[in-house]
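# Report on the structure
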Amino acid sequence: MTNTADTPPAVPDMRTGNGFDVHAFAPGDHVTLCGVRIPHDAALAGHSDADVAMHALTDAILGALAEGDIGTHFPPSDPRWKGAPSRIFLEKARDLVRARGGVITHCDITIVCEAPKLKPHVPAMRENIAAILGIETARVSVKATTTERLGFTGRREGIAALATTTVVFP
Ligand code: MG
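From a predicted model like this one, the values you see are computed outputs, not experimental measurements. (Residues numbered from 1 in each chain as written. Predicted model: local features only at pLDDT ≥ 70, side-chain atom pairs only at ≥ 80, totals over all residues. Heavy atoms only, no water.)

Okay, unusual backbone geometry next. Cis peptide bonds are those with omega within 30 degrees of zero, and the linkage from Ala115 to Pro116 qualifies with 0°. Mapping Pro116 onto the fold places it in the loop between β5 (103–112) and α4 (122–133). Here Glu148, not a glycine, exhibits a phi torsion of approximately 55°, which is positive. If you trace the backbone, Glu148 turns up in the loop between β6 (140–145) and α5 (151–154). With relative accessibility at 66%, the residue Glu148 sits in the exposed group. (Helix = DSSP H or I, 4+ residues; strand = E, 2+ residues; numbered from the N terminus. Buried < 20%, exposed > 50% of the residue type's maximum accessible area, 1.4 Å probe, protein only.)

Our focus in this paragraph is the sheet that holds strand β4 (residues 43–44). Spatial strand order, β4-β1-β7-β5-β6: five strands in an open sheet with mixed pairing. One side of each edge strand has no neighbouring strand; the edge strands of this open sheet are β4 and β6. Of the strand pairs in this sheet, β5 and β6 are connected by six bridges, and their pairing is parallel. When the bridges of β6 are listed, Ile111 appears paired with Ala144. Each of β1 (13–26), β4, β5 and β7 (158–169) touches helix α1 (residues 52–65); the most contacted strand, β1, lies at about 150° to it. Across the face of the sheet, α4 comes into contact with β5 and β6 while running at roughly 145° to β6. (Pairing = 2+ DSSP bridges. Contact = heavy atoms within 4.5 Å. Axes fitted to C-alpha atoms, helices over the stretch in contact; angles between N-to-C directions.)

Right, let's talk about the nonpolar core for a bit. If you look at the biggest cluster of nonpolar residues, it comprises 43 residues, and the most contacted ones within it are Leu33, Leu57, Ile109, Ile111, Met125, Ile129 and Leu133. Put simply, the parts of the chain that give this core at least two residues each are β2 (30–33), β3 (36–39), α1, α3 (87–99), β5, α4, β6 and β7. Ignoring any residue separated from it by four or fewer positions in sequence, one finds Leu133 in contact with Leu57, Ile61, Leu90, Arg94, Arg98, Ile104 and Cys107. Listed in part, the five residues of the second largest apolar core include Ile70, Trp81, Ala84 and Phe89. (Core = buried A, V, L, I, M, F, W, Y, C linked by side-chain atoms within 4.5 Å.)

All right, on to the side chain of His55 then. Within the element layout of this structure, His55 appears in helix α1. Relative accessible area serves as the criterion here: at 7%, His55 is assigned to the buried category. Ignoring anything within four residues of it in the chain, the contact list for His55 reads Asp21, His23, Ser48, Asp49, Ala50, Ile70, Ser86 and Phe89.

The protein atoms that coordinate the magnesium ion are Asp21 (OD), His23 (NE2) and His55 (ND1), at distances of 2.1 to 2.3 Å. In primary sequence terms, the donor set of the magnesium ion follows D-x1-H-x31-H. Of the two residues, His23 sits in strand β1 while His55 sits in helix α1, which places them 32 residues apart along the sequence. The exposure class of His23 is buried, given its relative accessible area of 13%. (Donors = N, O, S within 2.8 Å, 3.2 Å for Na, K, Ca; no water.)

This part covers the environment of Phe20. Mapped onto the secondary structure, Phe20 falls in strand β1. Distance in space between the C-alpha atoms of Phe20 and Thr145 is 15 Å, their sequence separation being 125 residues. When residues no more than four places from it in sequence are discounted, the contact partners of Phe20 are Ala56, Asp59, Ala160, Ala161 and Leu162.

Sheet analysis places β2 next to β3, joined by four bridges and oriented antiparallel. The partner of His30 across the bridge, within β3, is Pro39. From the end of β2 to the start of β3, which pair antiparallel, there are two residues, and Cys34 there has a positive phi angle of about 55°.

Another aspect to go through is the packing of aromatic side chains. Taken as a whole and assessed by the stated rule, the structure comprises three aromatic pairs. Ring centres of Phe74 and Phe89 lie 4.5 Å apart, and the angle between their planes is 50°; this geometry places the pair in the tilted category. Placement of the pair is Phe74 in the loop between α2 (70–73) and α3 and Phe89 in helix α3, with a sequence separation of 15 residues. Pair check on accessibility: Phe74 and Phe89 agree, each one buried. Between Trp81 and Phe89 the ring centres are 6.4 Å apart and the planes differ by 80°, which places this aromatic pair in the edge-to-face class. On the accessibility criterion, Trp81 (13% relative accessible area) is buried. Since its relative accessible area comes to 4%, Phe89 is described here as buried. (Phe/Tyr/Trp six-rings, centres within 6.5 Å; stacked < 30°, edge-to-face > 60°.)

If you want it as structure tokens, here you go:
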């Protein structure tokens, strides 16, 4: 990246991005979160595999780059993404960072739902995201919480996810 008056050379070019996504439950027997298949009494509705957590993270990385959002790069109207594994979206965002000479130094994902219980799956989710991004697992945080039965997640209508990431341009 070229420095401008807003980013003088003495200041490291470090950027924080955030992402948010929601998918509704639909009939099915599992959900996919951070690329991990988790048995459940419902699935998530969506054009791709509806991995709401990976979508939020992809948007966070794109946000750090100011490169639009997941829909900019993968229009839902395009039949190519029907049922697609969401890792291709995350890989695209990762590759955009690399193409600019950047490094993803950290990401933090919060998944919001009453069910399924996610804690047993958190280690696998962290490892999977770290492997895709090519960073240490210690730099990937995945947290799960509920909304105390309030709102749409509390009514078990779907799952929400938030993500924050830090991208550094050395
Ligand atoms: Mg989505």
